[in-house]
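# Secondary and tertiary structure notes
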Amino acid sequence: KGVNYLDLGLSPLPYAHYAHGITDSFDAGGIFELQFGYTAALYGKYSLLDNAEDGVSVAAVAGGGVGVSGFLDTTYLFVGPTVSYRQKKIEFFIHPRFTHVRYDDIEPDDTTSDEDDDDDNSSVDLDKIDGGSFNYTQLSFGVNLHLKQVSFGVTGVTWIGDEVIFDAAPGVNVQFKF
C-alpha cells in the first residue's frame, strides 16, 4: 500500500511500466511499449497470496490498452495469473497472459498507387483489409535479483497464437521501488 514501482527494460523492445499500491492487495498501473508504433495500457493486479520476502506469491492481472502505428490501430484486453517464488533476494516468476486484440480496417494510402511509381517498383498496391480480431497467449518468465530499492531482472517471453508460435525473446530490466 502506497508503494510505487517503476520498471524499465527491453523485452525484447523498450518499455516502461509504472504501478502504485492502492491497498495491501491491489495495485493499479500503466504500461508503455515501443513496437512498430506504440502500445499503452492500464491494468489492475490483485494479490491472492503474497509472500513478498520468502515463498510463493500468486496474483491475478487484468487490463486493456491501445496500439497505434502508421498503418494499424488496435485495442486489446488481457488477463492472466502471475506466480512467483522468492527466496531472500532471488525471485523466479512466470506470467501467462491471454490477450484479445481488435484491429481497425486498413485503408490503402494514396501513395501506394502504381500510377505514382515511375520505374523503381518501390510502391505496393494494397487492397483494403477489413478489421477483425485475434487471440494469443503471451508467456513471460524470468528471474529477479532484489536489492533494497532496486531490482535487476533477466526475462524471456514467447507468444502462442492461433497457428503460430513465436520463439522466445530475451529481455533485461531494472525496477525501482519508491
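These figures come from a predicted structure and were not determined experimentally. (Residues numbered from 1 in each chain as written. Predicted model: local features only at pLDDT ≥ 70, side-chain atom pairs only at ≥ 80, totals over all residues. Heavy atoms only, no water.)

Right, let's talk about the packing of aromatic side chains for a bit. Remark: the centre distance and the inter-plane angle together describe each pair of aromatic rings, the angle taken between the planes. Enumeration according to the criterion identifies four aromatic pairs in this entry. With centroids separated by 6.2 Å and ring planes inclined at 45°, the aromatic side chains of Tyr103 and Phe134 adopt a geometry described as tilted. Taken together, the residues span a long stretch of sequence, with Tyr103 in strand E7 (residues 90-103) and Phe134 in strand E8 (residues 132-146) at a distance of 31 residues. Of the residues examined, Tyr103 reaches a relative accessible area of 24% and is grouped as partly exposed. Given the relative accessible area of 36%, Phe134 is considered partly exposed. Lying across the ring of Phe78, Arg97 places its NZ or CZ 4.5 Å from the centre. (Phe/Tyr/Trp six-rings, centres within 6.5 Å; stacked < 30°, edge-to-face > 60°. Helix = DSSP H or I, 4+ residues; strand = E, 2+ residues; numbered from the N terminus. Buried < 20%, exposed > 50% of the residue type's maximum accessible area, 1.4 Å probe, protein only. Lys NZ or Arg CZ within 6 Å of the ring centre and 35° of its normal.)

With that settled, the discussion passes to the pattern of salt bridges. Counted according to the given criterion, the structure contains one salt bridge. For Glu53, the salt bridge goes to Arg86, with nearest N and O atoms at 3.6 Å. Of this pair, Glu53 sits in the loop between strand E4 (38-49) and strand E5 (54-68) while Arg86 sits in strand E6 (residues 73-87), and the two are 33 residues apart along the sequence. On the basis of relative accessibility, which here comes to 14%, the residue Arg86 falls in the buried class. (Salt bridge = Lys/Arg side-chain N within 4 Å of Asp/Glu carboxyl O.)

Another point: the pairing of strand E9 (residues 150-160). In the sheet, E8 pairs with E9 via ten bridges, with the strands oriented antiparallel. Residue pairing in the sheet places Val143 in a bridge with Val154 of E9. In this antiparallel pair of consecutive strands, E8 and E9, the connection spans three residues. (Pairing = 2+ DSSP bridges.)

So, on to the side chain of Asp27. Mapped onto the elements of the fold, Asp27 is located in strand E3 (residues 26-34). The buried charged residue Asp27 lacks any salt bridge, with Lys45 as its nearest oppositely charged partner at 4.0 Å. Leave out the neighbours within four places in its chain, and Asp27 touches His20, Gly21, Ile22, Tyr43, Gly44 and Lys45. (Lys, Arg positive; Asp, Glu negative; His and termini not counted. Contact = heavy atoms within 4.5 Å.)

Further remarks concern the environment of Ser47. Relative to the helices and strands, Ser47 resides in strand E4. A sequence separation of eleven residues divides Ser47 from Val58, and the C-alpha atoms of the two residues are 6.1 Å apart. Sequence-distant contacts of Ser47, defined by excluding residues within four places in its chain, comprise Ser25, Val58 and Ala59.

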